[in-house]
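# Overview (structure and organization)
Next come the chains, spelled out residue by residue.
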Amino acid sequence: MVQFFSSVGTVFSAAIALRVVLLIYGSFQDAFSPMKYTDIDYFVFTDAARFISRGRSPYARDTYRYTPLLAWFIYPTTWQGSWFLFGKILFALGDIAAGWLILLILRSSGKMPLDRALKFASIWLLNPMVAQISTRGSSEGLLGVIVSALLWSVLAGRMGLAGCLLGFAVHFKIYPFIYATSIIWWLDDEHCPPKSDKNFRRPKTIYEQVVSFTNPSRVTIAVFSLLTFTILNGAMYYAYGWPFLQHSYFHHLTRIDHRHNFSPYNTLLYLNSSPTGNASIKLESWAFVPQLFLSTVAIPLALAKKDLPSTMLAQTFAFVTFNKVCTSQYFLWYIMFLPFYLPTSTLLQKPATGIVAGVLWVFWLHQGYRLEFLGISSFVPGLWASSVFFFLVNIWILGIIITDLGRTSKSQTKLAGNKKNI
C-alpha cells in the first residue's frame, strides 16, 4: 500500500482503470439489465446535441436546463458508431484532470510529501462515487476541473486566468459565483503584496486601507471574470434567445424537483408539484436566504483569509446543505475540496468522530432506497424525517469544519498538514 502511493503513475493509472471498468460495465448493464446504468441526464445532453446537429436549439429538448456549450462539448455523440460514449469519456477525463490539479495544489506548499499528497488526492481520484457519477453521464466532472483550475490559478497568482475561469464556471453552472467573495477577500496584501511598495507591512490609515482594497489582483480577477461571463452569455443569448436565459438561469429560481432529492424540502416540493397541490405554500422559496448568507457572506468573510481552499469547502457544503434541491451529483461539488481540509481536520485526527459522521451521513439512503427501488410510498414520515435528520447531520459536520478552520492561521499550514499517515 505504501509503494502504491509512492508513484504518481500508479495512482493515476488506477484512477483511469476504475473509470474504464465502469464504462465497460455500464455498457453491459444498459444492454442486458432493466435497471439502466446511464443517467437520464446523459440522454438529455445527447438529445440536445442532436438538436444542435440539426440546426435547432438545444432547448427543443424538454428538461435541458444547461448552457448550450455543454451540448456543443459532446457534439461527437451525434456521430454514427460508438461515439455515444464520447460525453462519458470526456466527463471521466475531467475527473482525472481535476485530480491532477488537486495534487498540484497539495504539493504547492512544498511541505507535503508526495505519497501523502497522493493519498489525499485519491479521495477524489479513487472515489467510487466520483467515478460512477461521471461514467453514468453526469457533467460534474467538467465542472470539477474548471473549479479546481480556478483554485490553482488563484493560489498560483495567475489572476487573469483565474478571472476567466470564474466567469466561465458561473456561466457553466451558476453556483460557483459563491467563490467570488472568498477569493476577493483572500487577495489582500499578505497574499498578493504590491511589488512597488516595500513598506506595505507598515500600519495603514483607514483611507489607505479602503484604497488598497482595490489592489491589482482584485481588479484583474473582477474585470476578467465579468468580461468572460458577459461575452459567453451574450453569445449564447444571440444564438438561442430568451430560452437560454429561461432554462439556464431563471428556471432554477422556481424549480420544484423532488426526485432523488435529499433536501428536507423534498416533501413540500412533491406536494407543490401536484396539480391539486397548494401552490400558495412556498416555504421552500425562502431557502436561499440562509443559504446565500452563509455561503457568500458569513463563511468567506470569517474564514477565507485563513485558508482559502478549505473555506471554499465550507461554502460549498453550506450551499448544498441549505439548497432546496440536493441530489447526489451535488456532493461532488464539495468532495473535491476534502483533500485540502482533511489533513489536519477533526474528522481525521479523531477517527471516532469521522466514523460517526460518515455513518449518520448515509442514513438517508435507507428511506431513499425504499421509495426509489422498492416503490414504497415512504414520504411521510419516513423520507421527510430522514431528510430532516440528514440536514441536521450536515449542519453538525459544517460546524466541525468551521471550528477547524477557525483554528487555522494560514493556508500553507493547512496544506502542509502533519506527518501522520492517513
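Calculation rules
Residues numbered from 1 in each chain as written. Predicted model: local features only at pLDDT ≥ 70, side-chain atom pairs only at ≥ 80, totals over all residues. Heavy atoms only, no water. UniProt positions renumbered as here; feature names shortened; annotations may be inferred. Helix = DSSP H or I, 4+ residues; strand = E, 2+ residues; numbered from the N terminus. Phe/Tyr/Trp six-rings, centres within 6.5 Å; stacked < 30°, edge-to-face > 60°. Buried < 20%, exposed > 50% of the residue type's maximum accessible area, 1.4 Å probe, protein only. Lys NZ or Arg CZ within 6 Å of the ring centre and 35° of its normal. Contact = heavy atoms within 4.5 Å. 1 Å grid on protein atoms, 1.4 Å probe; cavity = no way out; pocket = protein on both sides within 12 Å on 5 of 7 lines; lining within 4 Å. Points joined across faces, edges and corners; volume = space filled by probe spheres on them. Nonpolar A, V, L, I, M, F, W, Y, C, P; charged D, E, K, R; others polar. Domains from an automatic or database assignment. Salt bridge = Lys/Arg side-chain N within 4 Å of Asp/Glu carboxyl O. Patch = residues over 30% accessible without salt bridge, like charges linked within 9 Å, V, L, I, M, F, W, Y side chains within 5 Å. Areas by Shrake-Rupley, 256 points an atom, 1.4 Å probe, with all protein chains shown as cover.

Here the focus is the UniProt feature "transmembrane region" (unreviewed entry) in the chain. Taking the UniProt record as the reference, the feature "transmembrane region" (unreviewed entry) is found at residues 7-28, 83-105, 164-187, 219-240, 347-364 and 384-405. Secondary structure content for residues 83-105 is 87% helix and 0% strand, while the C-alpha to C-alpha distance between its ends is 34 Å. Annotation note: span residues 384-405, helix share 100%, strand share 0%, distance between end C-alpha atoms 32 Å.

Now for the packing of aromatic side chains. Summed over the entire model, instances satisfying the criterion amount to 27 aromatic pairs. With centroids separated by 5.6 Å and ring planes inclined at 10°, the aromatic side chains of Trp-72 and Tyr-75 adopt a geometry described as stacked. Exposure remark for Tyr-75: the relative accessible area of 25% places this residue in the partly exposed category. Aromatic pair Phe-168 and Phe-172: ring centres 6.1 Å apart, planes at 35°, arrangement tilted. Taken as a pair, Phe-168 and Phe-172 lie in helix H8 (residues 159-172) at a separation of four residues, close to a single helical turn. The residues Phe-168 and Phe-172 share a single accessibility class, namely buried. Aromatic ring contacts, followed pair by pair, group Tyr-42, Phe-43, Phe-45, Tyr-59, Tyr-64, Tyr-66, Phe-84 and Phe-91 into a single cluster. Across the ring face of Tyr-42, the terminal group of Lys-88 is positioned such that the distance to the ring centre comes to 5.6 Å. A cation over a ring is seen here: Lys-305 above Trp-185, with NZ or CZ 4.0 Å from the ring centre.

A few words on the side chain of Gln-29. Structurally, the position occupied by Gln-29 is in helix H1 (residues 8-32). Overall, the relative accessible area of 13% leaves Gln-29 in the buried class. Discounting residues that sit within four places of it in the chain, Gln-29 has contacts with Met-35, Lys-36 and Tyr-37.

With that out of the way, let us pick up the layout of surface pockets. Its boundaries defined by the atoms lining it, the second largest pocket holds a volume of some 420 Å³. When contributions to the lining of the second largest pocket are tallied by element, the ones reaching two or more residues are helix H15 (308-322), helix H16 (328-335), helix H19 (351-361) and helix H21 (379-406). Tallying contributions element by element places H19 first for the lining of the second largest pocket, with four residues. Class assignment of the residues belonging to the lining of the second largest pocket gives a composition of 15 nonpolar, three polar and no charged. Each of domain 1 (1-37 + 82-137) and domain 3 (255-274 + 283-407) accounts for three or more of the residues forming the lining of the second largest pocket.

Another point: unusual backbone geometry. Generally, phi is negative for residues other than glycine and the peptide bonds are trans, each holding for most cases. You will see that Thr-63, though not glycine, has its phi angle at about 70°, which is positive. Mapped onto the elements, Thr-63 comes out in the loop between helix H2 (40-53) and helix H3 (68-73). The exposure class of Thr-63 is partly exposed, given its relative accessible area of 43%.

In the structure shown here, the tally under the stated rule is eight salt bridges. A salt bridge links Lys-88 to Asp-30; its shortest N-O distance comes to 3.9 Å. Of this pair, Lys-88 sits in helix H4 (residues 86-107) while Asp-30 sits in helix H1; the two residues are 58 residues apart in sequence, bridging distant segments of the chain. Here Glu-140 makes a salt bridge to Lys-173, at a shortest N to O gap of 3.0 Å. Highlighted residues: Glu-140 in helix H7 (residues 140-155) and Lys-173 in the loop between H8 and helix H9 (179-186), separated in sequence by 33 residues. Accessibility expressed as a relative area gives 17% for Lys-173, which makes it buried. Each of Asp-47, Arg-50 and Arg-61 takes part in a single network of salt bridges with overlapping partners.

On the surface, Ile-16, Val-20, Ile-24, Phe-28 and Phe-32 cluster together into a nonpolar patch covering about 540 Å² of accessible area. Examined against the element boundaries, Phe-28 turns out to sit in helix H1. Residue classification places Phe-28 among the exposed residues on the basis of a relative accessible area of 51%.

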